[in-house]
Amino acid sequence: MHKRHRTPYRCTMDHPAFASPEIARVFDACPAPVRATLLALRTMIYAEAAHLGVPVTENLKWGQPSYVTPNGTPLRLGHPKTGGAAIFAHCQSRIIPELREIAPELDYDGARAVHLAPDHALPVAPLRLMIRRALTYRT
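(A) Region of interest: helix H2 (residues 32-52). The terminal C-alpha atoms of H2 lie 30 Å apart, and with 21 residues this matches the ideal 30 Å at 1.5 Å per residue to within 8%. One or two positions beyond H2, positive phi appears at Gly53, with a value near 75°.

If you want it as structure tokens, here you go:
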């Protein structure tokens, strides 16, 4: 299992401004530990996009923050009804199945999401791989 921690993944990059007040409200509506995890994931997405040199568009899809690049497949961040935080990929893509082969220890929801407990450290290495793969899915 992942080690307990007080603060999730931190990146040297500042949190980019939200694309809209509606997106900010979605984050603000989450319980504090979940919000911290989702913001850490958001920062990871922007950091990986910057590393890859690809622009990211942030919008709302099905009421969840969604991130897509011109040659990528969308990633969404959410707070599932079962609790915790989650990062979602398109269920018909190979993103989650490929990640499951590399990191079987993560908590998966079929081929659509990785569930994360806000009171545990983020599994940074596999999440970075997932994010990079999604941001460049069609390249």
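(B) Structural detail: the pairing of strand S4 (residues 85-89). Of all the 5 residues making up S4, 5 are buried; the element is thus mostly covered by neighbouring parts of the structure. Residue alternation in S4 divides its side chains into two sets, Ala85, Ile87 and Ala89 and Ala86 and Phe88, and both sets are buried. Relative to S4, strand S3 (residues 75-78) runs antiparallel, the two being bridged by 4 bridges. Looking across to S4, one finds that Gly78 is bridged to Ala86. Pairing of S4 with strand S6 (residues 113-116) involves 4 bridges; the strand directions are antiparallel. Paired with Ala86 across the two strands is His115, which belongs to S6.

(C) Region of interest: the pattern of salt bridges. Following the criterion strictly, the structure yields 7 salt bridges and no others. Two residues, Glu22 and Arg25, come together in a salt bridge whose shortest N-O distance is 3.5 Å. With Glu22 and Arg25 both in helix H1 (residues 21-28) and 3 residues apart, the pair spans about one turn of that helix. The residue Arg94 makes a salt bridge to Glu101 at a minimum N-O spacing of 3.8 Å. Each of Glu48, Arg128 and Arg132 takes part in salt bridges that share partners, so that together they form one network.

(D) Representation of the packing of aromatic side chains. Going through the model one piece at a time under the given rule, you end up with 2 aromatic pairs. Consider the rings of Phe18 and Phe27, whose centres lie 5.2 Å apart with planes at 35°: the pair is tilted. You can call Phe18 partly exposed: its relative accessible area is 31%. You can call Phe27 buried: its relative accessible area is 1%.

(E) The arrangement of the pairing of strand S1 (residues 57-61) in detail. Relative to strand S2 (residues 64-68), S1 is paired through 5 bridges, and the arrangement is antiparallel. Bridge pairing in S2 links Asn59 to Ser66. Between the end of S1 and the start of S2, which pair antiparallel, lie 2 residues, with Trp62 showing a positive phi angle near 55°.

(F) Layout of the nonpolar core. Counting residues in hydrophobic clusters, the biggest one holds 33 residues, and the most contacted among them are Ile87, Val114 and Met130. Looking at this core, the elements that each hand over two or more residues are H1, H2, S3, S4, helix H3 (95-102), S6 and helix H4 (124-135). Residue contacts for Met130: discarding those within four places in its chain leaves Leu75, Ile87, Ala89, Ile95, Ile96, Leu99 and Val114.

Rules of the game
Residue positions within a chain follow its written sequence, with the count starting from 1. Local features in a predicted model are, by the rule used here, given only for residues with pLDDT of at least 70; side-chain atom pairs are given and counted only at 80 or more, and totals for whole chains, interfaces and linings are based on all residues. As a rule here, side-chain values cover all heavy atoms of the structure and leave hydrogens and water aside. Counting from the N terminus, the helices are the DSSP runs of H or I reaching at least four residues and the strands are the DSSP runs of E reaching at least two. In this analysis, the expected span of each helix is defined as 1.5 Å times one less than the number of residues it contains. Buried, partly exposed and exposed residues are distinguished by accessible area as a fraction of the type maximum, computed with a 1.4 Å probe on protein chains only: under 20%, between the cut-offs, and over 50%, respectively. The criterion for strand pairing is that DSSP finds at least two bridges linking the strands in question. We define a salt bridge as a side-chain nitrogen of Lys or Arg found within 4 Å of a carboxyl oxygen belonging to Asp or Glu. Put simply, two rings from Phe, Tyr or Trp (the six-membered ring, in Trp's case) pair if the centres are within 6.5 Å, and we call them stacked under 30 degrees between planes, edge-to-face over 60, tilted for the rest. Think of a nonpolar core as a cluster: buried Ala, Val, Leu, Ile, Met, Phe, Trp, Tyr and Cys residues, connected wherever their side-chain atoms sit within 4.5 Å. The contact criterion used is simple: two residues touch if any of their non-hydrogen atoms lie within 4.5 Å.

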